[in-house]
Amino acid sequence: MINDEKNSNETIQGWGFGVPGVRIKLAPFWASAEYRHIRDKFLPGYFNTYYLKDRIVRNPSIMVKEEMLSDTKLNGVFAQCGFNILDVVILDGRGQYMASKKDSTGSQKTDINFDATLSFGDLIISKIPKINQIRLFYYQTDIDGNLFKKSLTTHWGYILGLEVVEGASVLWKTDYGWEKDKNGKWIDKKVVTITAGFTF
């Protein structure tokens, strides 16, 4: 549930739930699906991996993520699946399709998103000195028929893990996307982050 005091006069709130459905795991393949329902200003995955990058839009006018939420009632399905191909590459994908009831004009609100990763498996990684992770990713929300459209919440790029010492790594993440300039024109965006990771 989201219950956020946007200012002294307005409270942003909403709620939702998911019901576990089907889960399948057959050797290198796995898949699962669940039913979801949301009401009011609630968005599943609101505080996701990209929250800090998407929480504010500065051009052509300033807008925070809370202002992108709308009062709605949606029902739908969230599903994910993956496949390990002989420890060479690992494919993993997640998607959500949610929709409201059609109104008198036949239109309806939808919330469609997609997230996919491709990681190199141990058979490849073990042959590359000092590299312990190579992962490509793609993330898209507000899909309206075009999976690769330009949007403020589109992300794609790669993550590279470099082992410094045993149990300690440096993660280099390059995130590409789009943003708008002061005139509302789409321009490329690139964000590089470097973090440390530890295993015990």
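Heads up: the structure comes first, above all this text.
Worth saying up front: this structure is predicted, and the values here are computed from it rather than measured.

Details of the overall build of the protein chain
Check the secondary structure of the protein chain and you find 2 helices and 12 strands. Taken from N to C terminus, the helices and strands of the protein chain fall in the order β-β-β-α-β-β-β-β-β-α-β-β-β-β. The 200 residues of the protein chain split such that 32% are buried. Considering only contacts in the protein chain between residues 6 or more positions apart, those separated by 24 or more positions represent 47%. Element-wise, carbon and sulfur atoms account for 59% of the exposed surface of the protein chain, whose accessible area totals about 12,800 Å². A gap of 2 Å separates the mean positions of the 26 positive and 23 negative side-chain charges of the protein chain.

Observations regarding the packing of aromatic side chains
Taken as a whole and judged by the stated rule, the model has 8 aromatic pairs. Look at Trp156 and Tyr176: their rings are 6.1 Å apart centre to centre, the planes differ by 25 degrees, and that puts the pair in the stacked class. Linking Trp156 in strand S10 (residues 155–165) with Tyr176 in strand S11 (residues 168–180), this pair joins segments that are 20 residues apart in sequence. When its relative accessible area of 26% is taken as the criterion, Tyr176 is described as partly exposed.

Some words on the pattern of salt bridges
For the structure on display, the rule yields 4 salt bridges. The residue Glu34 makes a salt bridge to Arg36 at a minimum N-O spacing of 2.9 Å. A salt bridge links Asp92 to Arg94, with the shortest nitrogen-to-oxygen separation between them at 2.9 Å. A cluster of three or more residues bridged by salt bridges with shared partners is formed by Asp92, Arg94 and Asp115.

Describing the pairing of strand S6 (residues 73–85)
Across 11 bridges, the pairing between strand S3 (residues 29–40) and S6 is antiparallel. Bridge pairing in S6 links Ala31 to Cys81. Pairing analysis gives 11 bridges linking S6 to strand S7 (residues 89–99), with the strands arranged antiparallel. Paired with Phe78 across the strands is Gln96, a residue of S7. If you look at the hairpin formed by S6 and S7, you'll find 3 residues sitting between the two strands, and Leu86 has a positive phi there, around 55 degrees.

Some remarks on the pairing of S10
Taken together, the 8 bridges between strand S9 (residues 131–140) and S10 define a ladder with antiparallel strand orientation. When the bridges of S10 are listed, Ile134 appears paired with Leu160. Counting the residues that bridge the hairpin from S10 to S11 gives 2 residues, and of these Gly167 lies at a positive phi of roughly 90 degrees.

Notes on unusual backbone geometry
Positive phi outside glycine occurs at Ala27, with the angle close to 50 degrees. Looking at the secondary structure, you find Ala27 in the loop between strand S2 (10–26) and S3. For Ala27, a relative accessible area of 69% translates into the label exposed. Although it is not a glycine, Leu86 adopts a positive phi angle of roughly 55 degrees. Of the residues examined, Leu86 reaches a relative accessible area of 73% and is grouped as exposed.

Thresholds applied
- Residues numbered from 1 in each chain as written.
- Predicted model: local features only at pLDDT ≥ 70, side-chain atom pairs only at ≥ 80, totals over all residues.
- Heavy atoms only, no water.
- Helix = DSSP H or I, 4+ residues; strand = E, 2+ residues; numbered from the N terminus.
- Buried < 20%, exposed > 50% of the residue type's maximum accessible area, 1.4 Å probe, protein only.
- Contact = heavy atoms within 4.5 Å.
- Areas by Shrake-Rupley, 256 points an atom, 1.4 Å probe, with all protein chains shown as cover.
- Lys, Arg positive; Asp, Glu negative; His and termini not counted.
- Charge placed at Lys NZ, Arg CZ, Asp CG, Glu CD.
- Phe/Tyr/Trp six-rings, centres within 6.5 Å; stacked < 30°, edge-to-face > 60°.
- Salt bridge = Lys/Arg side-chain N within 4 Å of Asp/Glu carboxyl O.
- Pairing = 2+ DSSP bridges.

Everything listed is a geometric property; what it means functionally is a separate question.
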